[in-house]
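Descriptive structure summary
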Amino acid sequence: MRGPDRRLYVADAGREAVLIYDAVGTFRRRVPGLAPAAVQALAVHRGRLWVVCPRRVLVWDRAVGVVAEHTVDLGEPLVDVAVYQDRAYLLTETRLLRRPAW
């Protein structure tokens, strides 16, 4: 996932980390203050990194760190999340749900 700061954010489930690379692929660092288990996907919305885990979504800001944590209980794990305008689209293995954005 490419962020607004021209960095590449990579979810590494094996390390339970989100890693930052520059535009030519050089490793820079782990995202500080963020060690989510079972990272499913990443998204960028309004300059913030959204880290999708099976039962929650963490919102990370480069200047502040984790600014929000949203628990999601859909009866099955989240696979991905997309935000468009005022809606969040929550993807599971069997459904795509729409709800007001957080």
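Everything in this summary refers to the structure shown in the same document. Residue numbering note: each chain is counted from 1, following its sequence as written. Side-chain atom pairs in this predicted model are given and counted only at pLDDT of 80 or more, local residue features only at pLDDT of at least 70, and totals for whole chains, interfaces and linings cover all residues. Side-chain figures throughout are based on the complete set of non-hydrogen atoms in the structure, without hydrogens or water.

**Description of the sheet that holds strand E10 (residues 96-100)**
Using the following cut-off: Only when DSSP finds a minimum of two bridges between them are two strands counted as paired. We count a stretch as a helix when DSSP gives it H or I for four or more residues in a row; a strand needs E for two or more, and each element gets its number in order from the N terminus. Here an angle of 0 to 180 degrees is reported between the N-to-C directions of two axes, which are lines fitted to C-alpha atoms, with helices fitted over the stretch in contact.
The antiparallel open sheet is built from three strands, whose spatial order is E8-E9-E10. Looking at strand neighbours, the two that pair on one side only are strand E8 (80-84) and E10, the edges of this open sheet. Along the sheet, successive strands turn relative to each other by an average axial angle of 20 degrees, direction set aside. In terms of strand pairing, E8 meets strand E9 (residues 87-91) through five bridges, oriented antiparallel. Within the sheet, the bridge partner assigned to Val83 lies in E9 and is Ala88.

**Thoughts on the sheet that holds strand E5 (residues 48-52)**
Think of a sheet as strands paired side by side through backbone hydrogen bonds, with each pair either parallel or antiparallel. Within the open sheet, the four strands sit side by side as E4-E5-E6-E7. Their pairing is antiparallel. Of all the strands in the sheet, just strand E4 (41-45) and strand E7 (65-71) have a single pairing partner and so form its edges. With strand direction ignored, the average angle separating the axes of adjacent strands in the sheet is 20 degrees. Two elements, E4 and E5, share five bridges in a ladder whose sense is antiparallel. From the neighbouring strand, Val44 faces E5, where its bridge partner is Leu49.

**Quick word on the pairing of E7**
Sheet topology note: the strand E6 (residues 56-61)/E7 ladder contains six bridges and is antiparallel. The residue bridging Val59 from the neighbouring strand is Ala68, located in E7. Connecting E6 to the antiparallel partner E7 that follows it, the hairpin turn spans three residues.

**A closer look at the side chain of Glu76**
Applicable threshold: In this scheme, a residue with accessible area under 20% of its type's maximum is buried, one over 50% is exposed, and one in between is partly exposed, where area comes from a 1.4 Å probe on protein chains only. The contact rule is simple, with two residues in contact once any of their heavy atoms fall within 4.5 Å.
For Glu76, the position within the fold is in the loop between E7 and E8. The exposure class assigned to Glu76 is buried, which follows from its relative accessible area of 17%. Here Glu76 is in contact with Arg55, Thr92, Glu93, Thr94 and Arg95, once residues within four sequence places are set aside.

**Focus: the packing of aromatic side chains**
Here is the rule we go by: Two rings from Phe, Tyr or Trp (for Trp, the six-membered ring) form a pair when their centres are within 6.5 Å of each other. A pair whose planes differ by under 30 degrees is stacked, one over 60 is edge-to-face, and the rest are tilted.
If you walk through the whole model with that rule in mind, you get three aromatic pairs. An angle of 65 degrees between the planes, with centres 6.2 Å apart, marks the rings of Tyr9 and Trp60 as edge-to-face. Of this pair, Tyr9 sits in strand E1 (residues 8-12) while Trp60 sits in strand E6; the two residues are 51 residues apart in sequence, bridging distant segments of the chain. We note that Tyr9, like Trp60, is buried. Where Trp50 meets Trp102, the ring centres are 5.8 Å apart and the plane angle is 40 degrees; that geometry is what we call tilted. Here the residue Trp50 occupies a position in strand E5, and Trp102 occupies one in the segment after E10, the gap between them amounting to 52 residues. Classification of Trp50 by relative accessible area gives buried; the value is 6%.

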